[in-house]
Amino acid sequence: MASHGVRGRSGGRPTLEEVAARAGVGRGTVSRVINGSPRVSDATRTAVEAAVAELGYVPNTAARALAANRTDAIALVVPEPETRFFAEPYFSDMLKGVGSELSDTEMQLLLIFAGSDRERERLAQYLAAHRVDGVLLVSVHADDPLPDLLTQLEIPAVISGPRSAAEPLASVDSDNYGGARSAVEHLLGRGRGRIAHITGHLAVYGAQRRVDGYRDALREAGHEVDEALIEPGDFTEDGGRRAMAELLRRHPDIDAVFAASDVTAAGAGQVLREAGRRIPDDVALVGYDDSAIARHMEPPLTSVRQPIEEMGRAMIDLLLTEIADRRPAASRGLERHQVVLATELVERRSS
């Protein structure tokens, strides 16, 4: 009869060798099953799992990690100030997705901020000591040196949104271009003709792709693109306020605004109200992210939904693959993984 309290022949906790003997396989095969390797047949996996259950074997994770030169830790690195991380729903949703996907593993998650030069220097020293098995990079600007450092150190990494079309690291992103097009096409369909765009931080490739989608949607509808209607922002509420004030000063005749984030749209909406502009009667407003902010604005905000939690889960899946392979994506050329998830326009009363 199977017992979960069985001791090994030595009288102590069952060993890997004893599990192998019970299952009739080699020690390496047991190790592969325990570590979730796909290179094991279903029959062998079943035999090993039965032996583990019968003997009550508990893996020694610390010894296993040491033997494999692993730490069983992953770092989620955010190269932004802490204030922005806690102010914007994007980051909390991403963290939620990452955490939920890691919950069934033995990996520990470390949250590291690297928004200042001093924090980046400390992070570089920490990573150089190989204290984590892999890194998730969130909100990375085009000139950020961290991805290149990870490549040099040969630390597996996944980035949330590529830095360019030629990104060598594995990445997970939403369809920024398509999302922006759907927002502008929606506004055009509502009869709006003077559509402004408040961008995200243009050092972020995703923000650049949203500008591309904005321009192409106008062109394909037969509208000339007025570059003066594109006002730089930075994804923040303050940035939305500043950009909206400048747009109204230059172009008081605008009748719609597509903002690169819901937080930015909230700032823009505040300035519109202060200027006596009714939303959507005078100026229609569309955001991006479909965060809780969009649902709680008055009127509720039409927004492009990107599956942020799903992006976090996909990043973990990719990173665990990178760690198991032990070769950074940058070293594999065409084998690199670039995942792009679909977006969806959620219509509400602001447009």
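Sequence order as written defines the numbering, with residues in each chain counted from 1. The predicted origin of the model limits local features to residues at a pLDDT of at least 70 and limits the giving and counting of side-chain atom pairs to 80 or more, whereas totals for whole chains, interfaces and linings rest on all residues. Side-chain measures here rest on the full set of heavy atoms in the structure, leaving out hydrogens and waters.

Quick notes on the sheet that holds strand β10 (residues 302–305)
Note the following rule: When DSSP finds at least two bridges between two strands, those strands are taken to pair. Numbering goes from the N terminus for both helices and strands, where a helix is a DSSP run of H or I of at least four residues and a strand is a run of E of at least two.
The sheet built from six strands is open, its strands ordered β7-β6-β8-β9-β10-β12 with mixed pairing. If you trace the sheet from one side to the other, it starts and ends with β7 (230–231) and β12 (344–346), each paired once. Where strand β6 (residues 195–198) lies against strand β8 (residues 256–259), four bridges are found, and the strand directions are parallel. When the sheet's bridge partners are listed, A196 is paired in β8 with V257.

Digging into the environment of S139
Heads up, the condition is: Only protein chains enter the accessibility calculation, which uses a 1.4 Å probe; a residue is then buried when its area is under 20% of its type maximum, exposed when over 50%, and partly exposed in between. We call two residues in contact when some of their heavy atoms are within 4.5 Å.
On the secondary structure map, S139 appears in the loop between β3 (134–138) and α8 (146–153). Classification of S139 as buried rests on a relative accessible area of 11%. With 20 residues separating them along the chain, S139 and I159 place their C-alpha atoms 8.3 Å apart. Excluding anything up to four places from it in sequence, S139 contacts P79, E80, R84, F91 and S160.

Focus: the confidence of the model for the chain
Note the following rule: pLDDT: the predictor's confidence for each residue, scored from 0 to 100.
Put simply, the chain has an average pLDDT of 86, and 89% of its residues get 70 or more. Low confidence marks residues 1–10, where pLDDT is under 50. Its contacts with residues over four positions away, or in another chain, come to 18 contacts.

Focus on the nonpolar core
Among soluble globular proteins, nonpolar side chains are generally buried collectively. Basically, it comes down to this: We define a nonpolar core as any set of buried Ala, Val, Leu, Ile, Met, Phe, Trp, Tyr and Cys residues linked to one another through side-chain atoms lying within 4.5 Å.
If you look at the biggest cluster of nonpolar residues, it comprises 39 residues, and the most contacted ones within it are V184, I195, M244, I254, V257, F258 and L285. For this core, the secondary structure elements donating two or more residues are α9 (176–189), β6, α10 (205–220), α11 (237–250), β8, α12 (262–274) and β9 (284–289). Not counting the four nearest positions on each side in its chain, F258 is found in contact with A180, A183, V184, L187, A196, H197, I198, R210, V286, G287 and Y288. Within the second largest apolar cluster, 25 residues are counted, among which are V78, A170, M311 and I316.

Quick notes on the sheet that holds β3
As a reminder of what qualifies: Note on method: axes are straight lines fitted to C-alpha atoms, helices fitted across the in-contact stretch only, with angles between N-to-C directions ranging 0 to 180 degrees.
One open sheet holds the six strands; their spatial order is β2-β1-β3-β4-β5-β11, and the pairing between them is parallel. In the strand order of this sheet, the two ends are held by β2 (108–113) and β11 (338–341), each with one partner. Looking at each pair of strands side by side, their axes are set apart by 20° on average, direction ignored. As paired elements, strand β1 (residues 73–78) and β2 share six bridges and run parallel to each other. Within β2, the residue paired with V77 across the bridge is I112.

Considering the pairing of strand β4 (residues 157–160)
Counted only if it meets this: Seen with its strands pointing away from the viewer, a crossover is right-handed if its path from the first strand over the helix to the second goes clockwise.
Residues A157 and I159 of β4 are buried on one face, and the alternating residues V158 and S160, pointing to the opposite face, are buried as well. Taken together, the four bridges between β3 and β4 define a ladder with parallel strand orientation. Across the sheet, the residue bridging to L137 is I159, located in β4. On the question of chirality, the crossover connecting β3 to the parallel β4 by way of α8 is right-handed.

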